[in-house]
Amino acid sequence: NFLLCLNMCYEHVLIAINKSYQVCTYISNYLNTRITNEITNQLAENELTNLLDINKSCLLMSCELSQKSITQLLSLKKDVIIRLSIEKIKILWEKSISFINEIEKYQNKSSYILRQSLYTQTKSFLDFLHDSYKTKLVNTLDNERWVQCDVSIDRQININKLVNGKLFINNNNDEKINYMDSHINSQSTNSLTSLD
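Note that the coordinates shown come from a computational prediction; the quantities given were computed from them, not determined experimentally. (Residues numbered from 1 in each chain as written. Predicted model: local features only at pLDDT ≥ 70, side-chain atom pairs only at ≥ 80, totals over all residues. Heavy atoms only, no water.)

1. Things to note about the overall build of the protein chain
Cut-off, in case you're wondering: The helix count covers DSSP runs of H or I at least four residues long, the strand count covers runs of E at least two residues long, and both are numbered beginning at the N terminus. For every residue, the accessible area (1.4 Å probe, protein chains only) is compared with the maximum for its type, and the residue is labelled buried under 20%, exposed over 50%, or partly exposed between those bounds. Any two residues whose heavy atoms approach within 4.5 Å at even a single point are treated as in contact.
Counting its secondary structure elements, the protein chain contains seven helices and two strands. Along the protein chain, helices and strands appear, N-terminal first, in the series α-α-α-α-α-β-α-α-β. Buried positions account for 24% of the 196 residues belonging to the protein chain. In the protein chain, of all internal contacts separated by at least 6 residues, the share reaching a separation of at least 24 is 72%.

Set out below in structure tokens:
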């Protein structure tokens, strides 16, 4: 439901900004033709130039207001967003990026506020997802029954590397020899045990 409402907000805000852009373009075209065709007085030309600037600033302000409104909506619904599924987060991203691209076309600059908000929401989602998966993993490991079993030296070396975060570093035969020398006296075969 939240995604449908957000999508509706995006559509209606874009419709309003598009109408604002059309009005702004009409006023700009009218004032530009007045400046080039009819104005001979410098004071009148300055006034029309000021009107052009005000006209453009109104469009930019409406774009910024829409960004701030959507950003506030995303911030208020942070708890809902972090509990969405990955597929729905992908849809949220696609719709939001599409909206951002449209807004950036109208204002000719980056929508930093909305991009930052989207980044923050996605980071919160990933943190929540990571924590929930980690909790599930810990619960699963706590409920498993661990039994010692004999493993080969090569497998134990790879497990040790995995635990130490060195699994993807190039293998050296020296490590294997050092491991064998250090453990050959203590036990003939290694045992795989659960890790804390």
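Structure's up, so let's keep going.
2. Quick look at helix α4 (residues 86–107)
Stated formally: In this analysis, the expected span of each helix is defined as 1.5 Å times one less than the number of residues it contains. By arc we mean the arc of the directions from the helix axis to the C-beta atoms, nothing more.
Its 22 residues give α4 an end-to-end C-alpha distance of 31 Å, which sits within 8% of 32 Å, the value for a rise of 1.5 Å per residue. When α4 is considered as a whole, its buried residues turn out to be I89, L92, S96, F99, I100, I103, E104, Y106 and Q107. Looking down the long axis of α4, one finds its buried residues gathered within 145° of arc, a one-sided arrangement. The exposed residues of α4 that point more than 90 degrees off its buried face are E87, K90 and K105.

3. Topic: the side chain of S124
With respect to the secondary-structure elements, S124 resides in helix α5 (residues 112–143). Residue contacts for S124: discarding those within four places in its chain leaves K78 and I82.

4. Describing the confidence of the model for the protein chain
Condition: Residue-level confidence of the predictor, termed pLDDT, takes values from 0 up to 100.
Residue-level pLDDT values for the protein chain average 80, and 79% of them are 70 or greater. In this model, residues 184–196 is a region of pLDDT below 50 whose contacts with residues beyond four sequence positions or in other chains number 21 contacts.

5. So, unusual backbone geometry
A positive phi angle, near 55°, is found at N108, a position not held by glycine. With respect to the secondary-structure elements, N108 resides in the loop between α4 and α5.

6. Some words on the nonpolar core
Within soluble globular proteins, side chains that are nonpolar generally end up buried alongside one another. Spelled out, the test is: Nonpolar core, defined: a set of buried Ala, Val, Leu, Ile, Met, Phe, Trp, Tyr and Cys residues in which side-chain atoms within 4.5 Å join the residues together.
Within the largest apolar cluster, 21 residues are counted, with the highest numbers of intra-cluster contacts made by L74, L92 and F99. Secondary structure elements with two or more residues in this core: α1 (2–37), α2 (42–76), α4 and α5. Residues in contact with F99, not counting those within four places in the same chain, are Y10, V13, L14, S66, I70 and L114.

7. What about a nonpolar patch on the surface?
Condition: Patch definition: residues above 30% relative accessible area lacking any salt bridge, with like charges linked at up to 9 Å and the nonpolar side chains Val, Leu, Ile, Met, Phe, Trp and Tyr linked at up to 5 Å. Calculation of accessible area relied on Shrake-Rupley with a 1.4 Å probe; when residues are assessed, cover is drawn exclusively from the protein chains displayed. Whenever a carboxyl oxygen of Asp or Glu lies within 4 Å of a side-chain nitrogen of Lys or Arg, that contact is scored as a salt bridge.
A contiguous nonpolar surface patch, about 420 Å² in accessible area, is contributed by V23, Y26, I27 and Y30. With respect to the element layout, I27 can be found in helix α1. A relative accessible area of 32% means that I27 is categorised as partly exposed.

8. A look at the state of the cysteines
The test is simple: Defined by distance alone, a disulfide is two cysteine sulfur atoms within 2.5 Å.
Using the criterion set out here, one finds zero disulfides in the structure. Sulfur of C5: no disulfide; nearest cysteine sulfur belongs to C9 and is 6.9 Å away. Not engaged in a disulfide, the cysteine C24 finds its nearest cysteine sulfur in C58; these two sulfurs lie 7.9 Å apart. Relative accessible area serves as the criterion here: at 8%, C24 is assigned to the buried category.

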